[in-house]
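Take a look at the letters that make up each chain.
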Amino acid sequence: MKIVAVTACPTGIAHTYMAAAELKKAAVQTNIHINVETQGAMGIENPLSIRDIAQADVVLIASDIEIEDRARFSGSKIHCVTIEEVLTDPVRVLERCKAL
């Protein structure tokens, strides 16, 4: 399974990057290929390509704010969660993506 994810929190400092790290770690545990874009204080980092998005089975948006450039995911299967959900149980979040 391939997932592309965007993480973003209101301040764009710690939780954005912590969530990205947790998703990557959980993806290894659950045998999922994941690319994670962060939208933090430094702007968009590790931007998802159009190809990444097109090849993904699911777009995971882990955010407590509106993300930038959401329109590029139009037509994709999208699963939205809070940053807290990712930090609390990232494996469960990815398992829910698998179930979609």
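Residues numbered from 1 in each chain as written. Predicted model: local features only at pLDDT ≥ 70, side-chain atom pairs only at ≥ 80, totals over all residues. Heavy atoms only, no water.

### A look at the UniProt feature "domain: PTS EIIB type-2" (unreviewed entry) in the protein chain
As annotated in UniProt, the feature "domain: PTS EIIB type-2" (unreviewed entry) corresponds to residues 1-99 in the numbering used here. The span residues 1-99 shows a helical share of 38% and a strand share of 28%, and its end C-alpha atoms are spaced 11 Å apart. (UniProt positions renumbered as here; feature names shortened; annotations may be inferred. Helix = DSSP H or I, 4+ residues; strand = E, 2+ residues; numbered from the N terminus.)

### Describing helix H1 (residues 14-29)
The terminal C-alpha atoms of H1, which comprises 16 residues, lie 23 Å apart, in line with the 22 Å expected from a rise of 1.5 Å per residue. Within H1 the residues assigned to the buried category are Thr16, Ala19, Ala20, Leu23, Ala26 and Ala27. Along the axis of H1, the buried positions cluster into a sector of 135°, meaning they face one direction only. In H1, the exposed positions that point more than 90 degrees away from the buried face belong to Val28 and Gln29. Where H1 is buried, its residues contact strand S1 (2-8), strand S2 (33-40), strand S4 (58-63), helix H3 (83-88) and helix H4 (90-99). Directly beyond the C-terminal end of H1, a positive phi value near 60° is found at Asn31. (Expected span 1.5 Å × (residues − 1). Buried < 20%, exposed > 50% of the residue type's maximum accessible area, 1.4 Å probe, protein only. Arc of directions from axis to C-beta. Contact = heavy atoms within 4.5 Å.)

### Section: the sheet that holds strand S5 (residues 78-81)
Taking strand neighbours across the sheet as the criterion, the 5 strands line up as S3-S2-S1-S4-S5 in an open arrangement whose pairing is mixed. Both outer strands of the open sheet, strand S3 (43-45) and S5, are each paired with one neighbouring strand and no more. Adjacent strand axes in the sheet meet at a mean angle of 20°, parallel and antiparallel pairs treated alike. In terms of strand pairing, S1 meets S2 through 6 bridges, oriented parallel. Note that in S2 the partner of Ile3 across the bridge is Ile34. (Pairing = 2+ DSSP bridges. Axes fitted to C-alpha atoms, helices over the stretch in contact; angles between N-to-C directions.)

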